[in-house]
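Chain by chain, the residues:
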Amino acid sequence: MNNVMIFDKLQESLWGRMLDAVNNYRQNKITFSEFVNNLESTLIAGDFPDDESLLSRWYDKWTPLEILNATYGDKAPIQEVEPYLSQMQNFLEKILRLVRNDSAI
């Protein structure tokens with residue numbers, strides 16, 4: 001992956017909303033199913049570029065969460081959710097840092 005990631009302002013805002021969803025789920029402000037569905041609907045709304053297979057990498061992080069959602073719904077065991085939640089959070093943060101660094105250039 002190169003270190004150039006270009007989002008427009010709306011895409012940057014929507015990507016940040018995905019991170020907000022992670023935090024909202026961690027703080028029990030939204031249910032697990034709301035969280036998982038929010039992530040995908042936000043991704044779709046953003047019409048993000050697929051540079052460096054961004055969408056494929058995003059779905060690699062989201063799919064295990066969706067499987068847990070399909071299996072357990074809002075009763076997904078946190079010990080099973082946590083590793084995938086952390087991977088998604090780290091991925092979202094990494095991409096947002098790349099986007100914001102490019103914006104500062």
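Below is a summary of the structure that appears in this document. Given the structure is predicted, the values throughout are model-derived calculations rather than measurements. (Residues numbered from 1 in each chain as written. Predicted model: local features only at pLDDT ≥ 70, side-chain atom pairs only at ≥ 80, totals over all residues. Heavy atoms only, no water.)

**What about unusual backbone geometry?**
Despite not being glycine, Asn28 has its phi angle at roughly 60°, a positive value. Turning to its location among the elements, Asn28 is positioned in the loop between α1 (9–26) and α2 (32–46). Positioned with a positive phi, Asp47 is a non-glycine residue whose angle comes to about 45°. With respect to the secondary-structure elements, Asp47 resides in the loop between α2 and α3 (54–72). (Helix = DSSP H or I, 4+ residues; strand = E, 2+ residues; numbered from the N terminus.)

**A word on the environment of Leu65**
Positionally, Leu65 belongs in helix α3. Overall, the relative accessible area of 0% leaves Leu65 in the buried class. C-alpha separation for the pair Leu65 and Gly46, spaced 19 residues apart in sequence, amounts to 20 Å. Each residue touching Leu65, except ones within four places of it in the same chain, is listed here: Phe32, Phe35, Val36, Leu39, Val81, Tyr84, Leu85 and Met88. (Buried < 20%, exposed > 50% of the residue type's maximum accessible area, 1.4 Å probe, protein only. Contact = heavy atoms within 4.5 Å.)

**With respect to the pattern of salt bridges**
Summed over all chains, the structure comprises three salt bridges. With a closest N to O distance of 3.9 Å, Glu12 and Lys9 form a salt bridge. Taken together, the residues span about one helical turn, with Glu12 and Lys9 both in helix α1 at a distance of three residues. Accessibility expressed as a relative area gives 64% for Lys9, which makes it exposed. (Salt bridge = Lys/Arg side-chain N within 4 Å of Asp/Glu carboxyl O.)

**Focus: the environment of Glu66**
Here Glu66 lies in helix α3. With a relative accessible area of 26%, Glu66 lands in the partly exposed category.

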